[in-house]
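Examining the three-dimensional arrangement
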4 protein chains.
Amino acid sequence: MTKTDNGWLKSGVVGGAGSSGGIMETSPWQATRFRVRYAETDQMGVVYHSHYFVWFEVGRAELCRQRGLAYRDMEREGGIYIVVAEAHCRYKAPARYDDEIEVRTCLRAVRKRVLVFGYEVYRTSDGTLLAEGETTHVIAGPDGRPRALPEKYQRLFERGLDPTAISK
Amino acid sequence: MTKTDNGWLKSGVVGGAGSSGGIMETSPWQATRFRVRYAETDQMGVVYHSHYFVWFEVGRAELCRQRGLAYRDMEREGGIYIVVAEAHCRYKAPARYDDEIEVRTCLRAVRKRVLVFGYEVYRTSDGTLLAEGETTHVIAGPDGRPRALPEKYQRLFERGLDPTAISK
Amino acid sequence: MTKTDNGWLKSGVVGGAGSSGGIMETSPWQATRFRVRYAETDQMGVVYHSHYFVWFEVGRAELCRQRGLAYRDMEREGGIYIVVAEAHCRYKAPARYDDEIEVRTCLRAVRKRVLVFGYEVYRTSDGTLLAEGETTHVIAGPDGRPRALPEKYQRLFERGLDPTAISK
Amino acid sequence: MTKTDNGWLKSGVVGGAGSSGGIMETSPWQATRFRVRYAETDQMGVVYHSHYFVWFEVGRAELCRQRGLAYRDMEREGGIYIVVAEAHCRYKAPARYDDEIEVRTCLRAVRKRVLVFGYEVYRTSDGTLLAEGETTHVIAGPDGRPRALPEKYQRLFERGLDPTAISK
């Protein structure tokens, strides 16, 4: 993706370009957009860094929804909780108030007890890459104990993964 | 309280001055202190206004604790949830990053199904009143339905109220 | 608006019904939609109350934008800051994770140094009114001192107000 | 440090044990304590993961303060901004509402344009390690451009570093 390319789909699956990123980025990227809230800025005049992890969650929820998985229902009906085990973000350029943001999310790994998501955060007005990140999640039951991801969910998640990337 | 008076107790009951405030402010004020976090500032260089409601909650929890009521245990053991029904804040002066803040909390009304808390927020370095607020809460069970506050909690809350202020 | 009416415009001006609310609610309501983020929930399983004030801000920004006023530019170019002086919210029903929310915003008063905004928060899936609120703002310069709202902004804000509601 | 050891200093420099951690953890750990706020929990009943990065910031500010560096003054007087370039957290066990938290912070590297901080988050009641993290920061001026850390700040930061760890 070039910096000037900002003709992305609105909350749709991003075709082509994004999925060519190499070994790790094996699933189609899911894009979702929103504007920076004033509450998210800090006195440096930019978005405070912890909010990117909230944006990652927005992207993650949207990716699940696009695969027919409402995370809300996974918790309520399935008793499946996706717990964050690790979170990482590299900040490239500041996001500012009222910027329209696009979070692009992909699934990097689907295992019985672990999911790995990757993220890219762009400013849509000029296509600047603002941040990149990754979160690793373990599957837990309502008691907080690790459990295996039920097969039906696993299959739905794997659908978007490149077959060569699936590991168990 | 004068602006230069900042000899408050740290997380203790505030004697005298604070409780002379009139008809509504009938219980001793409970004071708690902390510093403004960078994450709480916005690009205007001051604390974003919604965070004062979080600070009110910190004050409320401390007031409960001082009366031997861990709100955590009320939820866990008592199945009692104190749900916010109304929240109000008047902002007088801005709080800034790293300011030491004192939240003074009082109970303004204790009824079977309703609690009213009052708040004052000060900057301790110069005693400036930054904000005043009030929150009204209804008592609910784990199902979210209104229920009466059990008598033992009601008695503990009322203890700090001036007898003339108790209404049922 | 009835509880079952959820055929609102997406981020558009809400026609008719909303503006019939009486003396205070004199401007057309501006509607904007988004989903509840997981980060906004608390351990009661509902949205933590302080986030409604952030949602009000989202509604406020959208109302400004619809009138050709990017609040971002007011700050940057005009040196005009809209500072919150008072905030109030009444909570009617809980918002939950992943609910689609509609914030409807109106201007209740435009004065030389003061703006008053009103808000209604709905769950779009069933049209339930979740909360109502109001915020009062004073106009300040970059130094934080009160100043008059420049005429061009005042005119833009007043445009949406019923003429009988304008006071100076 | 063993899991049952919770006799830490309150907001003081942690002696001995903490600084024996190996090659990377070369500076004395700085400890600071606070309670989990209700607003920081999510519907899973635990602290939402992004808040740990805010806690890291609280620890970082306290470490600076202990070295005679008010970060607030670095910005205001020195025109020095410490911008987050990378943030990482590994979550070990959930923090819950009202838990008393201790954040232990150390400086892992001090370079002309880069600072690296390390963190450990403990629950004080039982000494459980809840999370570990690291943040990398670049020094910037008021214009957001990278600049060198002035020598006086560099010396103050380096003071706590083991001499063998200082790199330029």
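Above this note sits the structure.
To keep things clear, this report deals only with the structure shown in the data block. (Residues numbered from 1 in each chain as written. Chains lettered and ligands numbered in written order. Predicted model: local features only at pLDDT ≥ 70, side-chain atom pairs only at ≥ 80, totals over all residues. Heavy atoms only, no water.)

Some thoughts on the overall build of chain A
We count it as follows: Secondary structure follows DSSP: runs of H or I at least 4 residues long count as helices, runs of E at least 2 residues long count as strands, and numbering of each begins at the N terminus. Exposure is judged per residue with a 1.4 Å probe applied to protein chains only, and the accessible area is read against the type maximum: over 50% gives exposed, under 20% gives buried, and values in between give partly exposed. In these tables, accessible area is a Shrake-Rupley quantity obtained with a 1.4 Å probe, and a residue counts as shielded only by the protein chains included in the view.
Helices and strands together make up the secondary structure of chain A, namely three helices and six strands. Ordered by position in the sequence, the α and β elements of chain A form the string β-β-α-α-β-β-β-β-α. Here chain A, with 168 residues, has 60% of them falling under the buried criterion. When the accessible surface of chain A is split by element, carbon and sulfur atoms take 50% of a total near 6900 Å².

Description of the interface of chain C and chain B
The following threshold applies: Residue contacts are counted whenever heavy atoms from the two residues lie within 4.5 Å of one another. Using a 1.4 Å probe, buried area is obtained as the accessible area two parts lose upon being combined, added over both of them. Each reported salt bridge corresponds to a side-chain nitrogen of Lys or Arg within 4 Å of a carboxyl oxygen of Asp or Glu. Think of a polar contact as two N or O atoms within 3.5 Å of one another; within protein, one of them needs to be a possible hydrogen donor and the other a possible acceptor, and neighboring residues in sequence only count if both atoms come from side chains. All amino acids are sorted into three groups, where Ala, Val, Leu, Ile, Met, Phe, Trp, Tyr, Cys and Pro are nonpolar, Asp, Glu, Lys and Arg are charged, and the leftover types, Gly among them, are polar.
Counting from both sides, the interface comprises 22 residues of chain C and, opposite them, 22 residues of chain B. The junction of chain C with chain B conceals about 1900 Å² of combined surface from both sides, 58% of it contributed by carbon and sulfur atoms. Joining chain C to chain B, the criterion identifies two salt bridges. Here Arg-90 of chain B and Glu-86 of chain C are joined by a salt bridge, their closest N and O atoms 3.8 Å apart. Linking chain C to chain B there are 10 residue pairs in polar contact (both at pLDDT 80 or more). Contributions of two or more residues to the side of chain C that touches chain B are made by helix H1 (51-66), helix H2 (71-76) and strand S3 (81-91) of chain C. Across the side of chain C that touches chain B, the residue classes tally to 13 nonpolar, four polar and five charged.

Some remarks on the interface of chain A and chain D
Convention followed: Should DSSP find at least two bridges between two strands, the strands are regarded as paired.
Taken together, the 22 residues of chain A in the interface contact 22 residues of chain D. Overall, the association of chain A and chain D removes approximately 1900 Å² of surface from exposure, summing both partners, and the carbon and sulfur fraction of that is 58%. Scanning the region where chain A abuts chain D turns up two salt bridges. For the pair chain A and chain D, the number of links is 10 residue pairs in polar contact (both at pLDDT 80 or more). Mapped by element, the contributors of at least two residues to the side of chain A that touches chain D are helix H1 (51-66), helix H2 (71-76) and strand S3 (81-91) of chain A. In terms of residue count, the dominant contributor to the side of chain A that touches chain D is S3 of chain A (11 residues). By residue class, the composition of the side of chain A that touches chain D is 13 nonpolar, four polar and five charged. Bridging between S3 of chain A and strand S3 (residues 81-91) of chain D involves five bridges; their strand directions are antiparallel. In the sheet register, Cys-89 of chain A faces S3 of chain D, and the bridge partner there is Ala-87 of chain D.

Comments concerning the pattern of salt bridges
Residues and elements named next belong to chain A. Applying the stated criterion to the full structure yields 62 salt bridges over all chains. For Glu-100, the salt bridge identified is with Arg-33, shortest N-O distance 3.4 Å. Placement of Glu-100 in strand S4 (residues 100-110) and of Arg-33 in strand S2 (residues 29-35) is noted, with a sequence separation of 67 residues between them. The partly exposed category is assigned to Glu-100, whose relative accessible area is 21%. One salt-bridge network, held together by shared partners, links Arg-33, Glu-100, Glu-102, Arg-104 and Glu-120.

Some words on the nonpolar core
The condition that has to hold: The criterion is simple. A nonpolar core is a set of buried Ala, Val, Leu, Ile, Met, Phe, Trp, Tyr and Cys residues joined through side-chain atoms within 4.5 Å.
Trp-55 and Phe-157 of chain A together with Trp-55 and Phe-157 of chain D are the most contacted members of the largest nonpolar core, which totals 87 residues. Excluding residues within four positions of it along the chain, Phe-157 of chain D makes contact with Cys-64, Arg-67, Leu-69, Met-74, Ile-82, Leu-107, Val-110, Leu-115, Phe-117 and Leu-149 of chain D.

Notes on the relation of the copies chain A and chain D
Worth spelling out the cut-off: Residues reaching a pLDDT of at least 70 in both copies supply the C-alpha atoms on which the copies are superposed by least squares.
Its rotation angle being 180 degrees, the transformation that places chain A on chain D also includes 0.0 Å of axial translation and leaves an RMSD of 0.0 Å. Read as a symmetry element, the transformation amounts to a two-fold axis. When C-alpha distances to the rotation axis are compared across chain A, the minimum falls at His-88 of chain A, with a value of 2.2 Å. Comparing interface residues between copies, 100% of those in chain A also lie at the interface in chain D; the contact surface is shared.

Observations regarding the side chain of Glu-57 of chain A
Within the fold, Glu-57 of chain A resides in helix H1. A polar atom in the side chain of Glu-57 of chain A sits 2.5 Å from the side chain of Tyr-48 of chain D. Once residues lying within four places of it in the same chain are set aside, the contact partners of Glu-57 of chain A are Arg-37, Tyr-38, Ala-39 and Tyr-97 of chain C together with Tyr-48 of chain D.

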